Amino acid sequence: MRTEHAPTIHRADYRPLAWTVDTVELYFSLDAEASIVRNTMQCTRQGDGPLVLLHEGLMREDLTVNGAPPKAMRDEDGRIEIDLDGEDAVEVVVVTRVNPSANTELSGLYQSAGGLFTQCEAEGFRRITCFPDRPDVMTRFTVTLEADRRDYPVLLSNGNLVEQGELEAGRHYAKWEDPFPKPSYLFALVAADLVVLDRKVTTVSGREVLLQVYVEAGNLDRADHAMDSLVNALRWDEETFGLELDLDRYMIVAVGDFNMGAMENKGLNIFNAKYVLAKPETATDVDYEHIESVVAHEYFHNWTGNRVTCRDWFQLTLKEGLTVFRDQQFSADMLARAGGETARAVKRIEDVRVLRTAQFPEDAGPMAHPIRPDAYQAIDNFYTATVYEKGAEVIRMLHTILGPEGFRNGMDLYFSYHDGQAVTCDDFVEAMSEANGVDLDQFMRWYSQRGTPTVHADVAFDGEAETCTLTLTQSRPDKDDEPLQIPVAVGFINAVGDDIPLRLQGEAEAGATTRVLQLTERQQQFVFEGLRPGSVPSLLRGFSAPVVMAINESDAQLAFRMAHDADPFNRWDAAQRYMTRTLLAMAASDAPEVPRAFIAAFDTVLNNIALDPAFRTVALTLPSEAYLLEQMDVADPAALRRAMIIMTQTLGRALADDWLGHDEALAVPGEYRYHPGDAGSRALRNLGLRYLCAANDHQGVGLAELRAANAKNMSERFGALMALVQSPAVEAAQLALTAFEQTFGGDALVMDKWFAVQAAAWRWSPEQPATLERIEALTQHPAFSLGNPNKIYSLFGSFFRNNPAEFHRPDGAGYRFWADRIRELNARNPQVGARMARMLENWRRYTPELQQLAREQIEGLLKEEALSPDVREVLEKALG
Ligand code: TRP
Ligand code: ZN
């Protein structure tokens, strides 16, 4: 366990270190219980002060400077300082011992399924050896791995394999050299029994490179999609940004126990197996999509993160926001290539749905922070939706403001200035500004302001002059904040549903139908000429900025835009607004009912076969409960759940024949392929089953039973299972769950889905067992394990996040269960524990009775003696 009191680190306190490390040679004598690490560093002075080495949880066996014990050395709180007055260059040797099999935090060197793996971002390298473990220290690494040949036949590290051979007593070794200086957080090693999928490709400059995907024996038939995704990402970065792979060898390794999604270690990406392994029988379309984007994300980090890295962890969004933006653009291009422009729009919709569900509540809660935070206690807590997803939106706004070419020029200049450096967000925005001759000083405020801005829109027509004045007013959650630069994409639709070419005051003729307005003041007016009263505004098209757009619209106007808006994003958004408003009204009512006009609007979209099934699916999917709760004045999960149940049952019953008809018409013939068209058809059929089963429709339940048992691919099988579990058809659901378990009980990744779907189950009737009791029983299931983060996320995360009505139970049992899990995880894996702890951070939004119950549990936890800094920071802020 780490120290109990966590000091707050401030961005303003950044100072360069007095000493840097030019080269490091690591010799690992690997063993599951006792691995010895011999670390030889060539250090040089670059300023006044001691040499600093950081460490955590290490057994130190030796430390010498130029071959002798240091004369003046302090060692406190994981920080060694060695005074080296008069020296400008020294060799430091440190020998440490670690026990990978006891490392339950999965940070540093740890064991998983008999293999040894590392995870160093953000501060795991100091759990392997003493080192100035900060991203601004860039070092050339040479690594020798020595291990038992039988247990660990594969020995990998960053860069190129330069030597390997046999040793005595059944041991062997491999020596790796990384030609590029890198920060320690990008170091990695793997020693395990794995099989590999190889592919050779030629890069744009004509170099042949070896791409590899390493998986456990028996999983080779699930590695192709990850490999294809890697090749596509490599090509895309060459074509889109002129960025080439800089190594001769690029490896991806799948591991079963991993705290996050994946890690971009130089030349040796380590992945949560769930973002590598896919075959049609075990992975859904959504899994395929996630794999494609995570593989690309880590690959893109090679330039945005590795070649140019972060000066300090406050700059995290420099690499993450930019790289998320890049992976979003890549996925959108790939989808559009196969499925046309609607597929691109659907991707955008999915990304915004994530932002609204995860980031908006974060930005309105006790952990709210700017995309570049000013202070933290545990950096692991700042790998957030704000840094990643809002960070990507900020980059997207730059792309919108500068245009694709201007953005590309900015990227080129950024690399020409900063390749090989550890830099700041200012450096990035300055390169964008200089390359385009555009002042971005005001834009920089996006990096320092927290909270979601609201833009109020007021539309006034002057019938005689045929002008329309659009007044936009921005307001900030922190009242004193200066106004932001907000690009607002705007269109108008005429009475028959066509987009109108727009003419702004002062322009000679009408131009494009969508115009991007730059809102830079608190309030601004934009006058459009030649617009008839009754033209319908369509604002913030494509979600051109991460803001809340507030405008008074009648139900009829929303239904109109839902049916006609030429911007697919806004068409979806109109549906979301209509659903949100309707569900909130139902939740506030004693006798909730779905209005007829709403059903009609829904019906119109469902039966508009000119719209791609993928689009109809997202348009007809209700907003997440997490998002809806955020919209309530007082979050009342029970009232909302009642409304959700009545809504889904009504839509299933009222449109049963339509759902059944589409189900038949959209059956996808032939072999499974991952293709947006096919995936869209499957998704709409799955959505139909959800509504039909919710209504306990006899035919719908029958179809779901058949498909859950017999479908050839996991998308259809799991879609059907989910529909049954999420319905009042208790017996059918139980039979399907048991059969599913019998088929897939030995497959960890598939079982994750089985756990997750049960944890998210609503209670449709009093006969159904309460979800919490079910979850408690499932923790005893042989496939469940507290040591595996994927299991924690599937069983607990899915419950806390996706099942508010059952989690926020009026008797407080959900909160007690939560607190007990935090206690367990705090000791075992604080990073994951803190993630779970965050799931109650917005407790003050709930009803007074729930608040009281939540407070008791949070306060109780804070009395625990050995709270990790990660968990403590979250709880203290939640209570704060
Ligand atoms: N940099 C990783 C990414 O691409 C994130 C990550 C992986 C991470 N493992 C981690 C962050 C462990 C913190 C701790 O997004
Ligand atoms: Zn990343």
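Position numbers for residues count from 1 along each chain, tracking the sequence in the order it is written. Lettering of chains starts at A and numbering of ligands starts at 1, both following the order in which they are written. Local features in this predicted model are restricted to residues of pLDDT 70 or higher, and side-chain atom pairs are both shown and tallied only at a pLDDT of 80 or more, whereas totals for entire chains, interfaces and linings draw on every residue. Excluded from the side-chain calculations are hydrogens and water; all other atoms, namely the structure's heavy atoms, are used.

Chemist: I'd love a proper account of the overall build of the chain, names of residues and values included.
Modeler: Each helix is a run of DSSP H or I of at least 4 residues and each strand a run of E of at least 2, with the numbering of both proceeding from the N terminus. Within the chain, the regular secondary structure consists of 24 helices and 31 strands. A globule of 880 residues ought to have a C-alpha radius of gyration of about 29 Å, and the chain, at 28 Å, matches this closely. Projected onto its principal axes, the C-alpha coordinates of the chain cover approximately 85 × 65 × 60 Å. Should any heavy atoms of two residues lie within 4.5 Å, those residues are considered in contact. Expressed as a percentage of contacts within the chain between residues at least 6 apart in sequence, the contacts between residues at least 24 apart total 71%. Reported accessibility uses the Shrake-Rupley method at a 1.4 Å probe radius. Residues are deemed covered only where the shown protein chains occlude them. When the accessible surface of the chain is summed, it comes to about 32900 Å², and 48% of that surface belongs to carbon and sulfur atoms. Counted charges follow a simple rule, with Lys and Arg positive, Asp and Glu negative, and His plus the chain ends left uncounted. Just so you know, the charge point we use is NZ for Lys, CZ for Arg, CG for Asp and CD for Glu. Put simply, the chain has 85 plus and 131 minus side-chain charges, and the middle of one group is 2 Å from the middle of the other. Throughout, radius of gyration means the C-alpha value; the globule benchmark is 2.2 Å times the number of residues raised to the power 0.38.

Chemist: Go over the coordination of the zinc ion (ligand 2), please, and point to the residues and values.
Modeler: Geometry reference: four tetrahedral donors at a metal, ideal angle 109.5 degrees. Six octahedral donors, ideal angles 90 or 180 degrees. Atoms are scored as donors when they are N, O or S and lie within 2.8 Å of the metal, with 3.2 Å used for Na, K and Ca; no water is included, so coordination may look incomplete. In the first shell of the zinc ion (ligand 2), the protein supplies His297 (NE2), His301 (NE2), Glu320 (OE) and Glu320 (OE), at 1.9 to 2.7 Å from the metal. Sites are called tetrahedral only when four donors show all angles between 85 and 135 degrees, square planar or octahedral only when four or six donors show opposite pairs over 155 degrees and all other angles between 65 and 115, and irregular in any remaining case. Around the zinc ion (ligand 2) sit six donor atoms, and with donor-metal-donor angles ranging over 41 to 160 degrees the site reads as irregular. Sequence positions of the residues that donate to the zinc ion (ligand 2) give the spacing H-x3-H-x18-E. Here His301 is found in helix α2 (residues 285-301), whereas its partner Glu320 is found in helix α3 (residues 316-363), with 19 residues between them in sequence. Comparing His301 with Glu320 shows no difference in burial state: the two are buried. Burial classification: accessible surface area is computed with a 1.4 Å probe over protein chains only, and a residue below 20% of its type maximum counts as buried, one above 50% as exposed, and the rest as partly exposed.

Chemist: Could you give an account of the UniProt feature "domain: Peptidase M1 alanyl aminopeptidase Ig-like fold" (unreviewed entry) in the chain, naming the residues involved and the relevant values?
Modeler: UniProt positions are given in the numbering used here, feature names are shortened, and annotations may be inferred rather than shown by experiment. Taking the UniProt record as the reference, the feature "domain: Peptidase M1 alanyl aminopeptidase Ig-like fold" (unreviewed entry) is found at residues 451-550. Between the C-alpha atoms that bound residues 451-550 the distance is 16 Å, and the span itself is 0% helix and 47% strand.

Chemist: Tell me about the environment of Glu434, and please be specific about residues and values.
Modeler: Relative to the assigned elements, Glu434 resides in helix α5 (residues 425-436). Separated by 20 residues in sequence, Glu434 and Tyr414 have C-alpha atoms that sit 9.6 Å apart. Under the rule applied, a polar contact is a pair of N or O atoms within 3.5 Å (in protein, one hydrogen donor and one hydrogen acceptor; residues adjacent in sequence only if both atoms are side-chain atoms). Within the structure, the side chain of Glu434 is placed 2.5 Å from the side chain of Tyr417, a separation counted as a polar contact.

Chemist: Quick rundown of the packing of helix α8 (residues 596-606) against helix α11 (residues 637-654)? Include the residues and the values.
Modeler: Describing two packed helices takes the angle between their axes plus the distance from one axis to the other. Axis lines are fitted to C-alpha atoms, over the contacting stretch for helices. Their N-to-C directions set the angle, which ranges from 0 to 180 degrees. Running from N to C, α8 and α11 cross one another at 60 degrees; their axes reach a closest spacing of 11 Å. By the angle between their axes, α8 is oblique relative to α11. The interaxial crossing formed by α8 with α11 has right-handed handedness. Counted together, Phe598, Ile599 and Phe602 of α8 and Met647, Thr650, Leu651 and Ala654 of α11 form the full contact between these two elements. Residue polarity is assigned by list, with Asp, Glu, Lys and Arg as charged and Ala, Val, Leu, Ile, Met, Phe, Trp, Tyr, Cys and Pro as nonpolar; anything else, Gly included, falls into the polar class. Broken down by class, the residue content of the contact of α8 with α11 amounts to six nonpolar, one polar and no charged. To sort the angles, those under 35 degrees are grouped as roughly parallel, those over 145 as roughly antiparallel, those from 65 to 115 as roughly perpendicular, and the leftovers as oblique. We call a crossing left-handed when the near helix sits turned anticlockwise from the far one by less than a right angle, and right-handed when that turn is clockwise.

Chemist: Outline the sheet that holds strand β25 (residues 467-475), listing residues and values.
Modeler: A pair of strands is considered paired only if DSSP assigns at least 2 bridges between the two. Strand order in the open sheet formed by five strands is β27-β29-β25-β24-β31, with mixed pairing between adjacent strands. Taken across any chain shown, the strands that pair with only one partner, and hence form the sheet edges, are β27 (503-504) and β31 (548-550). The sheet contact formed by β25 and strand β29 (residues 523-529) spans seven bridges and is antiparallel. Bridge pairing links Thr473 to Gln523 in β29.

Chemist: Explain the sheet that holds strand β28 (residues 515-519) to me, and be specific about the residues and the numbers.
Modeler: One open sheet holds the three strands; their spatial order is β28-β26-β30, and the pairing between them is antiparallel. The sheet is open, and its two borders are formed by β28 and β30 (536-539), each paired with just one other strand. Taken pair by pair, the neighbouring strands of this sheet meet at an average axis angle of 35 degrees, ignoring direction. In this sheet, β30 lies alongside strand β26 (residues 486-493) in antiparallel orientation, the contact comprising four bridges. Of the residues in β30, the one forming a bridge with Val490 is Leu539. Packed onto the sheet, helix α6 (residues 555-564) meets β26 and β30 and runs at close to 70 degrees relative to β30.

Chemist: Tell me about the site of ligand 1, and name the residues and values.
Modeler: The criterion for a residue being near a molecule or strand is simple. One of its heavy atoms has to lie within 4 Å of it. The local shell around ligand 1 holds 15 residues, among which Glu121, Ala262, Glu264, Glu298 and Tyr388 are the closest. The separation between an oxygen atom of ligand 1 and a polar side-chain atom of Glu298 is 3.0 Å. Side-chain polar atom of Glu320 to a nitrogen atom of ligand 1: 3.1 Å apart, as the coordinates give it. Isolated, ligand 1 exposes 370 Å² of accessible area, and the fraction of that covered by the protein chains is 96%. Among the elements of the structure, β19 (262-263), α2 and α3 are those that each provide at least two residues to the shell around ligand 1. Here the shell around ligand 1 takes three residues from α2, the largest share from any one element. Here the residues of the shell around ligand 1 are counted per class, giving six nonpolar, four polar and five charged.

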